[in-house]
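Below are the chains, spelled out letter by letter.
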Amino acid sequence: MYFSLDFSKSFSDTLLDGSLVSPPATAADASSAVAAPYKADVLDLFQKLLPLQIFLAALNQAKVRENNRVYTSRVVVWLMVCQRLQAEGTLESAVLELLGGLPGSFWPQPCKRLEEAAKEGGPRLSKQTGAYNKARHELSLAVVEQCCDHAFQQLIQQAELAPNRRPAFFFDGTTVRTARSEELVAAYPPTSNQHGESHWPLLRMLVAHDLYTGLALRPQWGPVNGSGAVSEQGLLEEAIDRLPSLAAVVGDANFGVFSVAYAADQRSHPVVLRLTTARAQSLAGGPLRDGTDRRIQWRPSREDRRSHPQLPMDAVVPGRLIVRQVQPSNGAAPFLLALFTTLEDSAEQVVELYGKRWNIEVDLRHLKGTLRLEELTCTSVEMVAKEIDVAMLAYNLVRAVIYLTAQKAGLEPRVISFTQVRNVLQAFGPRIAAAPDERTARKLYDDMLYYLSQCKLPQRQRSSYPRGVWPKSKSYPARHS
């Protein structure tokens with residue numbers, strides 16, 4: 001039993017007819033789409049976006065050789081995705097996903113161990129998690145990065161085919177805690193204050209999410225503290241080369257600095273950057289006035305050159321300074337919003353584009369809350385990298401389902417709830433896989449599509465009150481003298 005996603009002609013047909021990927025690497029790939037039991041459309045998308053030959057090519061480039069094993073790189077990445085999508089994903093739940101049956105296309109050739117387990121009376125696969133955990137640690141980080149980038153590129157290329165939409169990515173930073181180990185403490189030093197050092201290693205992570213679909217670039221991160229501490233602006237300058245061509249860079253006042261504008265301009269990426277009042281006044285040459293829309297030549301200040309000595313002497317970014325008075329929706333006092341942009345759109349369009357920047361705050365909440373990236377449990381630098389990258393792959397798979405659902409329902413992708421879609425997929429996937437016949441599976445599949453289309457967010461207004469951080473109850477390990 002196998003049902004392909006047929007949500008929309010403009011996106012899913014291109015994706016699912018194989019035109020985005022190379023032909024199947026083996027005969028097993030070609031036949032598994034018919035023989036394999038239907039799991040859930042996230043698995044279907046994973047197989048289409050990352051066919052076996054993508055993994056084989058990545059392994060070859062990384063000079064990694066895999067023997068005929070159960071836990072191949074493709075199997076391990078999928079199981080890690082499953083863990084991340086589950087409310088409390090564990091190693092055991094991932095192993096059970098394997099024991100429940102995966103399509104034969106996950107393996108480059110018939111796996112001897114699986115063939116033995118399939119025979120009547122043959123030795124069953126172990127339910128223990130040791131082999132899977134070992135495979136996670138042996139998984140090549142270079143392979144994970146290539147696969148995550150490949151999946152993102154395929155999805156965003158198709159989404160950009162939608163008419164009348166400008167590719168624009170919102171950038172924002174956040175911090176992530178990790179488990180404590182000597183290796184992670186050295187790489188990501190904990191925060192210290194007058195009372196001493198805190199317990200958890202802390203890293204700074206930069207994310208970039210597409211305005212329309214919510215699809216996300218693979219994150220960039222580094223330490224918050226210590227001699228190797230990185231800034232959000234520095235991380236952006238490292239990540240920007242992975243942005244789609246000509247995509248606009250949108251950032252709040254933290255990114256409204258010359259180095260960000262210059263890095264984007266040098267790579268032909270337009271920008272919409274909020275400016276602090278002081279910086280905007282410096283560029284304007286005086287007080288800010290509502291209605292301002294003037295062309296300026298942004299040159300680096302003395303402080304910009306001190307922090308970026310590699311800037312050429314003639315460095316300049318031509319653009320526009322736009323100032324508009326904004327009235328918050330909750331009735332708070334109006335304020336002047338100052339933006340620097342290299343776009344040629346009208347001032348109203350630029351302000352409207354920046355006004356959607358708050359969506360990335362919701363995206364970060366999904367990453368840290370729904371997908372549990374707020375605190376990582378792995379204990380090595382390489383496993384931290386693999387966990388973050390695979391989490392973003394899982395996030396993009398769900399975002400792709402949301403995009404397809406929105407097209408079918410005639411909705412904007414941003415009005416559909418990420419968490420609700422994840423929950424519907426988690427509820428119906430196992431039931432469809434266990435359906436006794438095709439008719440039952442089709443009925444469950446149609447029900448799933450219906451409930452996916454009902455995953456709309458309620459109408460809400462963004463509040464503009466100051467942010468408040470409420471502490472979470474968590475016991476710190478006892479300090480031993």
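Going by the structure above, here's the rest.
Note that the coordinates shown come from a computational prediction; the quantities given were computed from them, not determined experimentally.

### Some thoughts on the overall build of the protein
Within the protein, the regular secondary structure consists of 19 helices and 10 strands. By residue count, 51% of the 481 residues in the protein fall in the buried class. At a minimum sequence separation of 6, the contacts of the protein that also span at least 24 residues come to 71%. With an accessible surface of roughly 23300 Å², the protein has 50% of that area assigned to carbon and sulfur atoms.

### Quick notes on the pairing of strand β9 (residues 317–326)
Consecutive side chains along a regular strand alternate between the two faces of the sheet. The buried fraction of β9 is high, at 7 of 10 residues. In this structure, strand β8 (residues 293–298) lies alongside β9, joined through 6 bridges in antiparallel fashion. In the sheet register, I296 faces β9, and the bridge partner there is G319. Pairing analysis gives 7 bridges linking β9 to strand β10 (residues 335–341), with the strands arranged antiparallel. In the strand pairing of β10, R324 is matched with L337.

### Quick word on the packing of aromatic side chains
Throughout the structure, instances matching the rule amount to 13 aromatic pairs. With 5.8 Å between their ring centres and 35° between their planes, Y71 and Y132 make a pair best called tilted. Remark: Y132 occurs in helix α8 (residues 130–138) and Y71 occurs in the loop between α4 (52–61) and α5 (73–85); sequence separation between them is 61 residues. Residue Y132 is classed as buried on the basis of its relative accessible area of 0%. Every member of this aromatic cluster is reached through a ring pair, and the members are F46, F55, W78, F106 and W107. Directly above the aromatic system of Y132 lies the positively charged group of R136, at a separation of 5.9 Å from the ring centroid.

### Let's talk about helix α11 (residues 232–239)
All of the buried residues along α11 are E232, Q233, L235, L236 and A239. Down the axis of α11, the buried side of the element spans an arc of 160°, and every buried residue falls inside it.

Rules of the game
Each chain carries its own residue numbering, running from 1 in the direction its sequence is written. A pLDDT threshold of at least 70 governs which residues receive local features in this predicted model, and a stricter bar of 80 or more applies before side-chain atom pairs are shown or counted, although totals over entire chains, interfaces and linings include all residues. Derived side-chain values reflect all non-hydrogen atoms in the structure, with water molecules and hydrogen atoms excluded from consideration. Here a helix means four or more residues in a row that DSSP labels H or I, a strand means two or more in a row labelled E, and each is numbered from the N terminus. Buried, partly exposed and exposed residues are distinguished by accessible area as a fraction of the type maximum, computed with a 1.4 Å probe on protein chains only: under 20%, between the cut-offs, and over 50%, respectively. Two residues form a contact once any of their heavy atoms are found within 4.5 Å. For the accessible areas, the method is Shrake-Rupley and the probe is 1.4 Å, while residue cover comes only from the protein chains on display. Any two strands are treated as partners once DSSP identifies two or more bridges connecting them. Ring geometry is summarised as follows: Phe, Tyr and Trp rings, the Trp one being its six-membered ring, pair when their centres sit within 6.5 Å, and such pairs are stacked at plane angles under 30 degrees, edge-to-face over 60 and tilted between the two. Either the NZ atom of lysine or the CZ atom of arginine qualifies as a charge over a ring when it sits within 6 Å of the ring centre and within 35 degrees of the ring normal. By arc we mean the arc of the directions from the helix axis to the C-beta atoms, nothing more.

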